[in-house]
Amino acid sequence: MRTLLQTHLTALRALVVATLVLGLGYTLLITGAAQALLPAQANGSLVREPEGRVVGSALIGQSWSDEQGEPLPEWFQSRPSAAGDGYDGGVSSGSNLGPENEDLIASIEERRAAVAAFEGVDPTDVPADALTASGSGLDPHISPAYAQLQVARVAEARGLPEAEVAALVERRIAGRDLGFLGDPSVNVLELNLALDELARG
Amino acid sequence: MDTTTILAGLGQIAALLLLLALAWRPVGDAMARALSSERHLAVERGAYRLLGVDPAREQSWQAYARALLAFSLISVLLVYLLQRTQALLPLSNGLPAVPEPLAFNTAASFTTNTNWQSYSPELTMGHLVQLGGLTVQNFVSAAVGIVVAVALMRGIARERTGTIGSFWVDLTRACVRILLPISALMALLLVLGGVVQTLSPFGTTESLTGGQATVPLGPVASQEAIKLLGTNGGGFFNANSAHPFENPTAWTSLLQVFLLMLIPVALTRTFGTMIGDRRQGLAILGTMGVLFAVSLAAASVAESIGAGTAPELAGGAMEGKEVRFGILGSALYGTASTLTSTGAVNSMHDSWTAFGGMMPMLNMMLGEVAPGGVGAGLYGMLVLAVIAVFVAGLLVGRTPEYLGKQIGPREMKLAALYILVGPALVLVGTALSFAIPGVRESVVGTSIWNPGLHGLSEVLYAFTSAANNNGSAFAGLTASTDWLAPALGVTMLLGRYVPIVLVLALAGTLAAQGRRPVTVGTLPTHRPLFVGLLVGVTLVVTALTYFPILTLGPIAEGLL
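Once a new chain begins, its residue numbering starts again from 1 and follows that chain's sequence as written. As they are written, the chains are lettered A onward and the ligands numbered 1 onward, keeping that order. Totals for whole chains, interfaces and linings use every residue, but because this is a predicted model, local features are given only for residues with pLDDT of at least 70 and side-chain atom pairs only at 80 or more, for both listing and counting. Side-chain descriptors were evaluated using all non-hydrogen atoms of the structure, hydrogens and water having been removed beforehand.

Draft legend 1. Inspection of the environment of serine 253 of chain B at higher detail. Residues and elements named next belong to chain B. Only DSSP runs of H or I covering at least 4 residues are called helices, and only runs of E covering at least 2 are called strands; the numbering of each starts at the N terminus. Relative to the assigned elements, serine 253 resides in helix H9 (residues 250-275). Three labels apply to residues, based on accessible area from a 1.4 Å probe with only protein chains included: buried if under 20% of the type maximum, exposed if over 50%, partly exposed otherwise in between. What makes serine 253 buried here is its relative accessible area of 5%. The sequence separation of serine 253 and asparagine 346 amounts to 93 residues, and the corresponding C-alpha distance is 7.9 Å. In this view, serine 253 contacts Asn247, Phe325, Tyr333 and Asn346; residues no more than four positions away in its chain are not counted. We call two residues in contact when some of their heavy atoms are within 4.5 Å.

Draft legend 2. Highlighting the UniProt feature "transmembrane region" (unreviewed entry) in chain A. UniProt records the feature "transmembrane region" (unreviewed entry) at residues 12-38 of chain A, using the numbering of this structure. Between the C-alpha atoms that bound residues 12-38 of chain A the distance is 36 Å, and the span itself is 96% helix and 0% strand. UniProt positions are given in the numbering used here, feature names are shortened, and annotations may be inferred rather than shown by experiment.

Draft legend 3. Spotlight on helix H6 (residues 127-157) of chain B. By this rule, a helix spans an expected 1.5 Å times one less than how many residues it contains. Along its 31 residues, H6 of chain B runs 44 Å from first to last C-alpha, staying within 8% of the 45 Å computed at 1.5 Å per residue. The bend at a residue is defined as the angle formed between two axes, one fitted to the seven residues ending at that residue and one fitted to the seven starting there. At glutamine 137 of chain B, H6 of chain B shows its maximal bend, which comes to roughly 25°.

Draft legend 4. Geometry of the pairing of strand E2 (residues 54-57) of chain A. All names here are of chain A. Strands are labelled as partners when DSSP assigns at least two bridges between them. Sheet topology note: the strand E1 (residues 46-48)/E2 ladder contains three bridges and is antiparallel. Following the sheet pairing, valine 47 is matched in E2 by glycine 56. From the end of E1 to the start of E2, which pair antiparallel, there are five residues, and glycine 52 there has a positive phi angle of about 105°.

Draft legend 5. Quick look at the interface of chain B and chain A. Across the boundary between the two partners, chain B contributes 100 residues, which contact 91 residues of chain A. Summed over both partners, the accessible area (1.4 Å probe) lost when two parts come together is defined as the buried area. Around 7,400 Å² of area is buried between chain B and chain A when both sides are counted, 68% of it from carbon and sulfur atoms. Take a side-chain nitrogen of Lys or Arg and a carboxyl oxygen of Asp or Glu: if they are within 4 Å of each other, that pair is a salt bridge. In this assembly, chain B and chain A are joined by one salt bridge. In this structure, the salt-bridge partner of aspartate 139 of chain A is arginine 324 of chain B, at a minimum N-O distance of 4.0 Å. Counting residues per element, the side of chain B that touches chain A draws most heavily on helix H7 (residues 167-193) of chain B, at nine residues. Its residues assigned to classes, the side of chain B that touches chain A shows 59 nonpolar, 32 polar and nine charged. Residue classes follow a fixed rule: Ala, Val, Leu, Ile, Met, Phe, Trp, Tyr, Cys and Pro count as nonpolar, while Asp, Glu, Lys and Arg count as charged, and any other residue, Gly among them, counts as polar.

Draft legend 6. Up close: the pairing of strand E2 (residues 212-215) of chain B. Residue and element names in this part refer to chain B. Only one face of E2 is buried: it carries Ala213 and Val215, and the other face, with Gln212 and Thr214, is open. Sheet topology places strand E1 (residues 203-206) next to E2; four bridges connect them, and they run antiparallel. Bridge pairing in E2 places threonine 205 opposite alanine 213. A loop of five residues connects E1 with E2, the two strands running antiparallel in sequence, and glycine 210 in this loop sits at a positive phi of about 95°.

Draft legend 7. Inspection of the nonpolar core at higher detail. What we call a nonpolar core is a set of buried Ala, Val, Leu, Ile, Met, Phe, Trp, Tyr and Cys residues that are connected through their side-chain atoms within 4.5 Å. Counting residues in each nonpolar core, the largest one holds 166 residues, and the members touching the most others are Phe71, Phe167, Trp168, Phe271, Tyr402 and Leu504 of chain B. Take this core: its biggest share by element is 16 residues, from H9 of chain B. Those residues in contact with tryptophan 168 of chain B that sit more than four places away from it in its chain are Thr7, Thr10, Ala11 and Ala14 of chain A together with Tyr48, Leu51, Val53, Gln59, Ala67 and Phe71 of chain B. With 37 residues, the next largest nonpolar core counts Val47, Trp75, Leu160 and Leu189 of chain A among its residues.

Draft legend 8. Expanded view of the sheet that holds strand E4 (residues 173-174) of chain A. Residue and element names in this part refer to chain A. Spatial strand order, E3-E5-E4: three strands in an open sheet with antiparallel pairing. Among the strands making up the open sheet, the edge pair consists of strand E3 (141-142) and E4. Relative to strand E5 (residues 185-187), E3 is paired through two bridges, and the arrangement is antiparallel. When the sheet's bridge partners are listed, isoleucine 142 is paired in E5 with valine 186. Packing against the sheet, helix H7 (residues 188-200) makes contact with E3 and E5, and its axis sits at approximately 60° to E5. In this analysis an axis means a line fitted to C-alpha atoms, helices contributing only their contacting stretch, and an angle means the value between N-to-C directions, from 0 to 180 degrees.

Draft legend 9. Main features of helix H3 (residues 102-119) of chain A. For H3 of chain A, which comprises 18 residues, the first-to-last C-alpha distance of 26 Å matches the rise-based estimate of 26 Å (1.5 Å per residue) to within 8%. Among the residues of H3 of chain A, those classed as buried are Leu104, Ile105, Ile108, Arg112, Val115, Ala116 and Glu119 of chain A. End-on view of H3 of chain A: buried residues confined to an arc of 105°, all on one side of the axis. Structural note: H3 of chain A exposes Glu102, Asp103, Glu110 and Ala117 of chain A on the side pointing more than 90 degrees away from its buried face. Summarising the contacts, the buried residues of H3 of chain A are in contact with helix H4 (144-149) and helix H5 (151-158) of chain A together with helix H11 (309-314) of chain B. One side-chain oxygen at the N-terminal end of H3 of chain A lies 2.8 Å from the backbone nitrogen of aspartate 103 of chain A; it belongs to asparagine 101 of chain A. Count one or two residues on from H3 of chain A and you reach glycine 120 of chain A, which has phi positive near 65°. The arc in question is the one spanned by the directions pointing from the helix axis to the C-beta atoms. Contacts described as polar in this section are N or O atom pairs within 3.5 Å, which, within protein, must combine one atom able to donate a hydrogen with one able to accept it, while residues neighboring in sequence count only if both atoms come from side chains.

Draft legend 10. Structural context of the packing of helix H1 (residues 2-37) of chain A against H7 of chain B. Relative to each other, H1 of chain A and H7 of chain B sit at 20°, their axes nearing to 11 Å. Relative to H7 of chain B, the element H1 of chain A is oriented roughly parallel. Considering only the axes of H1 of chain A and H7 of chain B, their crossing is right-handed. Mapping the contact onto sequence places Thr7, Thr10, Ala11, Ala14, Leu22, Tyr26, Ile30, Ala33 and Ala34 of chain A in H1 of chain A and Trp168, Cys175, Leu180, Ser183, Ala184, Ala187, Leu188 and Val191 of chain B in H7 of chain B. An angle below 35 degrees is read as roughly parallel, one above 145 as roughly antiparallel, one from 65 to 115 as roughly perpendicular, and any other as oblique. The crossing is said to be left-handed when, going from far helix to near helix, the turn is anticlockwise and less than a right angle, and right-handed when the turn is clockwise.

Draft legend 11. Geometry of the packing of aromatic side chains. Only Phe, Tyr and Trp rings take part, Trp by its six-membered ring, and two of them pair if their centres are within 6.5 Å. Stacked means planes under 30 degrees apart, edge-to-face means over 60, and tilted covers everything else. Evaluation of the coordinates by the stated rule reveals 11 aromatic pairs over all chains. Look at tryptophan 64 of chain A and tryptophan 75 of chain A: their rings are 5.2 Å apart centre to centre, the planes differ by 40°, and that puts the pair in the tilted class. Of this pair, tryptophan 64 of chain A sits in the loop between E2 and H3 while tryptophan 75 of chain A sits in the loop between E2 and H3; the two residues are 11 residues apart in sequence, bridging distant segments of the chain. According to the relative accessible area criterion, tryptophan 64 of chain A is buried, its value standing at 1%. What makes tryptophan 75 of chain A buried here is its relative accessible area of 8%. Taking 6.5 Å as the distance between ring centres and 45° as the angle between the ring planes, the aromatic pair formed by phenylalanine 202 of chain B and phenylalanine 237 of chain B counts as tilted. Here phenylalanine 202 of chain B, found in the loop between H7 and E1, pairs with phenylalanine 237 of chain B, found in the loop between helix H8 (220-229) and H9; they are 35 residues apart in sequence, far enough to count as distant. An aromatic cluster of three or more residues is present, and its members are Tyr64, Phe71, Phe167 and Trp168 of chain B.

Take a look at the structure:
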């Protein structure tokens, strides 16, 4: 009995030491080092307008809709999102709907019709990432195909030549990391910022 | 899927193999040195003084197990207490105390290296609980897995002795010499890729459209590194490694896969080194490699084909997947995470295709031995090796032995009990969820998100994940209910500590034995023939147990 109590006391001491060293000490050390060496990344890879105003994080996707949730034609649109009411950075989430889920099946059909109508394209041309919610609900990227699909509509809404917007999209396509990791992608916030600059001339 | 995408997918696998091959020897040997060295570092001597233990004093398997269980019990209590008093603690983002069933579930979850999360971290856990409770358990629960594997290695390596090492020394060294330095380095590498690391609370910015955008900040990178290195898997955010602040780019995703496989893979080298026969470690590694390759191929093909109504309608299985990782990057992550005991996800497994989503489940049902959790994978595979030599012994009519140790009735009983724990917990837990009146209504009415066959898969996945201490989920399932939260908590505790005690008992028994000389009649356990036998035994004793219930869930869903 006495040894058993002794063992538990040793365990308690061990855990207190671990909490101080591995919990507080380690976390503070990494925080200090990260803030000193890599402050931009450590604080959320924030993106600024040319005037210096912070307009979000390059890594956190945003909604480009009005208050009623209708997509705004002058911006490139992100993917559908299951985070809160859509792109709520406080509650990351996927839809977690299974492959035979009827709600998901209905959503995909609705989205295909809605995107095709919004972009004025054939429904069969809408790529998969425009019809599905991402894992985080905060995917900052869209596929190059979805970006290219939106060029004509954005150009019209902005009164810009379509060729210029298309060239902008081409420049903004990021290839695979190191040439072979992941899929090619377009960062929507950075694309829209560049679009704003283009519009301003 | 076009050729470039397939080639890129093969490229990421080649890169992963290259990284692991380069790290295998130095990391494996460094772990062997760290855990068998006679010298104590100054910080370690300080720790032993604070703990009041004599580092020179070794323990019997019983004393070793008592110390391990005491440490784990105190861990559960402390993590529980931190969550219950969260409202009074600093750095808590103004969050209230965590409710009792959920606090118990989370305490059990992080202590057992499961890191199942029945909650949305953004809305539930403040920074202090995350770093003071959860990050600490990420370290020590991983260390517990390593020390059990090392105790078993010593049991095999030693002869006619009553001791298998000191739990306190092993625990301290696993943290100080292995987990802490690698984590610190990798945390900074993750920050370089864009993972956030600050003590600030969530921020808001005004977006270009004039709306508000939340920027969810926190000390993420430090927790992320040990989450993967220790095959823990509990995310700082709800979306886990699908979240851009946990896993910002395709290269950080590959780094995370490398990190979660590093220690389980390198421990095969440690094993070979510690028992003085490196070929034996290679044979274990080969077995793990075969199982990994088959599983990865199956998941990649299933997700690439994208069968099923919703994926076919969308033109690809992109629901729950991030553009920057793509389908193959998601399949690799999901496979590695469930074949180790990590349970981190960079895509939502619940939305995978029926057969693709069955693979993570099968991976866990195999007992997570290819390569498995830190330590747990190796000792799981060694128990299977004991069963394999027993089967081989029956076939040729010789007394079975493994690495010079006789496998007698006591060893076989321990190994057989070990094998039975997982299936018993999974099948009984799943069955009870649908059989008990009242509970059934809660599970079907509240917990299950996708009705029908997929709902059964969600519950089966949950118990499989809990019993095998994985922690990944078909996350549609609402597990914070009065039935599932405690039931899964108990499943995690039994699924962790019953096998650990059995393995320590096996280590004690083997250490007490002498060594039998190698003769012409000895079954060589380092040859491809034995690797094949071990693969077969793993598949037969574990996967077949689950075949009937899999036909009711994912197989039926995929075929109907």
